[in-house]
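Analysis of the macromolecular model
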Amino acid sequence: MINERVLNILNSQINKEFYSAYLYLAMSAYFDEKGLFGFSDWMKVQAREEMDHGMILFDYIIERDGVVNLTSIDAPEKTFECPLQVFEKAYEHEKYVTSSINEVALLSDNECDLATRHFINWYISEQVEEEANVLDVIKKLKLFGDECTSLYHLDKEMGERTYAQHTYKE
Ligand code: OFO
């Protein structure tokens, strides 16, 4: 049986992962509206990965004989100014999620829940990738600007991202 404090923070992390999916879907809708379908697809892949992150936590709680507590998901922001601003917001969000994952690690350490401490390592590594992926796009947008020809080429490149299900036990 899982410790209650650890259970609560894991349940709250599920909510954050599904909120992330919502946020990226809102960003995807923004790009669709602008006709930037490659950027939109990139965000849809990101949203699906976030749902995987949520489901991995969900399955872990069940495996530890805990109770999954699904709570309401906040509406995401949906008004954006330009592609660069969207990715800057995504980067801020990922940094927030990283700090939230770090809190799970610290709490599970303090509560001597070594199984959760071990489990959450997957998320710690995943966050390094999450931040790097977004930062990579920010750098490109800053380098090439958001002038039409650059965006057209970048949009094509963004559309090449493919979804592969994220699983904990590979
Ligand atoms: Fe789940 O990593 Fe992004 O938010």
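Check the entry above for the structure.
Structure report, in brief.

Definitions and limits used
- Residues numbered from 1 in each chain as written.
- Predicted model: local features only at pLDDT ≥ 70, side-chain atom pairs only at ≥ 80, totals over all residues.
- Heavy atoms only, no water.
- Phe/Tyr/Trp six-rings, centres within 6.5 Å; stacked < 30°, edge-to-face > 60°.
- Helix = DSSP H or I, 4+ residues; strand = E, 2+ residues; numbered from the N terminus.
- Buried < 20%, exposed > 50% of the residue type's maximum accessible area, 1.4 Å probe, protein only.
- Lys NZ or Arg CZ within 6 Å of the ring centre and 35° of its normal.
- Expected span 1.5 Å × (residues − 1).
- Contact = heavy atoms within 4.5 Å.
- Axes fitted to C-alpha atoms, helices over the stretch in contact; angles between N-to-C directions.
- Parallel < 35°, antiparallel > 145°, perpendicular 65-115°, else oblique.
- Nonpolar A, V, L, I, M, F, W, Y, C, P; charged D, E, K, R; others polar.

**Concerning the packing of aromatic side chains**
This structure, assessed with the given rule, holds ten aromatic pairs. With centroids separated by 5.5 Å and ring planes inclined at 75 degrees, the aromatic side chains of Y30 and F80 adopt a geometry described as edge-to-face. With Y30 in helix α1 (residues 4-34) and F80 in the loop between α2 (37-63) and α3 (83-110), the pair connects residues that are 50 residues apart, well separated along the chain. Per residue, the accessibility class of Y30 equals that of F80, and both read buried. Note on F31 and F39: the rings are 5.0 Å apart at their centroids and 25 degrees apart in plane angle, and the pair reads as stacked. Like F31, the residue F39 is buried in the burial classification. Taken together, Y30, F31, F39, W42, F80 and F87 form an aromatic cluster joined through their ring pairs. One residue, R161, lies across the ring of W42, its end atom 4.3 Å from the ring centre.

**Remarks on helix α5 (residues 121-144)**
When the terminal C-alpha atoms of α5 are compared, their 35 Å separation across 24 residues agrees well with the 34 Å that a helix rising 1.5 Å per residue should span. For α5, the set of buried residues is W122, Y123, E126, Q127, E130, E131, V134, V137, I138 and L141. Structurally, α5 contributes buried residues whose contacts are with α1, α2, α3, α4 (114-119) and α6 (148-158). G145 sits one or two residues past α5 and shows a positive phi near 75 degrees.

**Side note on the packing of α1 against α3**
At a closest axis distance of 11 Å, the pairing of α1 and α3 adopts a crossing angle of 170 degrees. When the interaxial angle is binned, α1 and α3 end up roughly antiparallel. For the contact of α1 with α3, the residue count by class is 18 nonpolar, five polar and six charged.

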